[in-house]
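Descriptive analysis of the structure
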Amino acid sequence: MHKRPQNKHHGGLWEFPGGKVETGEVPVIALIRELSEELGIRVKAQDCIPACFAEESKHAGGKPIVILLYTLLDWEGEPEALEGGEIGWFSSSEAFLLEKPPLDVELAALLFKQYNS
């Protein structure tokens, strides 16, 4: 997981790496770009497997956010925190204890339920 830099929205909280889909991108291509920018790793589209998603309620205000979570079968390079913050590898029980933004809390519950059942 990736710890958001203090000066950003949800600063200091742990999240799954990734980011916004830019105009003209499909989600998996956005993920590949974001992982390169944030972690310095190279990923191929065929190695990205959709796992689950979480979305803000319609009562959240502003533009609703939908986060798609993928699992990676493979990547090239050694992940490093290129945008500040930290990165870490955690077991499911450790990840549950991390302070996370609300949608990442939901994603972690869905992901680990899927892989622990």
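Structure: see above.
Here we summarise the structure given alongside this text. The shown structure was predicted, so the numbers you read here are calculated from the model rather than taken from an experiment. (Residues numbered from 1 in each chain as written. Predicted model: local features only at pLDDT ≥ 70, side-chain atom pairs only at ≥ 80, totals over all residues. Heavy atoms only, no water.)

Glancing now at the overall build of the protein chain. Looking only at helices and strands, one finds three helices and five strands in the protein chain. In the protein chain, the order of α-helices and β-strands from amino to carboxyl end is β-β-α-β-β-β-α-α. Principal-axis analysis of the C-alpha atoms gives the protein chain an extent of 40 × 35 × 35 Å. Per-residue burial for the protein chain yields a buried fraction of 34% across its 117 residues. Across the protein chain, contacts joining residues at least 24 apart in sequence account for 56% of those joining residues at least 6 apart. Accessible surface for the protein chain amounts to roughly 7,600 Å². Of this, 55% is attributable to carbon and sulfur atoms. (Helix = DSSP H or I, 4+ residues; strand = E, 2+ residues; numbered from the N terminus. Buried < 20%, exposed > 50% of the residue type's maximum accessible area, 1.4 Å probe, protein only. Contact = heavy atoms within 4.5 Å. Areas by Shrake-Rupley, 256 points an atom, 1.4 Å probe, with all protein chains shown as cover.)

Once that is clear, we can look at the nonpolar core. The tendency in soluble globular proteins is for nonpolar side chains to be buried as a group. Met1, Phe16, Cys52, Leu69, Leu107, Leu111 and Phe112 are the most contacted members of the largest nonpolar core, which totals 14 residues. Broken down by secondary-structure element, the contributors of at least two residues to this core are β3 (48-55) and α3 (102-116). Ranked by residue count, the leading element in this core is α3, at five residues. The contacts of Leu111, once residues within four sequence positions are left out, are Phe16, Ala51, Cys52, Leu69 and Thr71. (Core = buried A, V, L, I, M, F, W, Y, C linked by side-chain atoms within 4.5 Å.)

Turning our eyes to something else, we now look at the pattern of salt bridges. Enumeration according to the criterion identifies eight salt bridges in this entry. Glu83 is paired through a salt bridge with Lys8; the nearest N and O atoms lie 3.9 Å apart. With Glu83 in the loop between β4 (66-72) and β5 (86-87) and Lys8 in the loop between β1 (2-3) and β2 (14-15), this residue pair connects regions lying 75 residues apart in the sequence. The class for Lys8 is partly exposed, based on a relative accessible area of 39%. In this structure, Arg33 engages Glu37 in a salt bridge whose closest nitrogen and oxygen atoms are separated by 3.3 Å. Taken together, the residues Arg33 and Glu37, both in helix α1 (residues 27-39) and four residues apart, mark about one turn of the helix. (Salt bridge = Lys/Arg side-chain N within 4 Å of Asp/Glu carboxyl O.)

On their own, these measurements won't tell you what the molecule is for.
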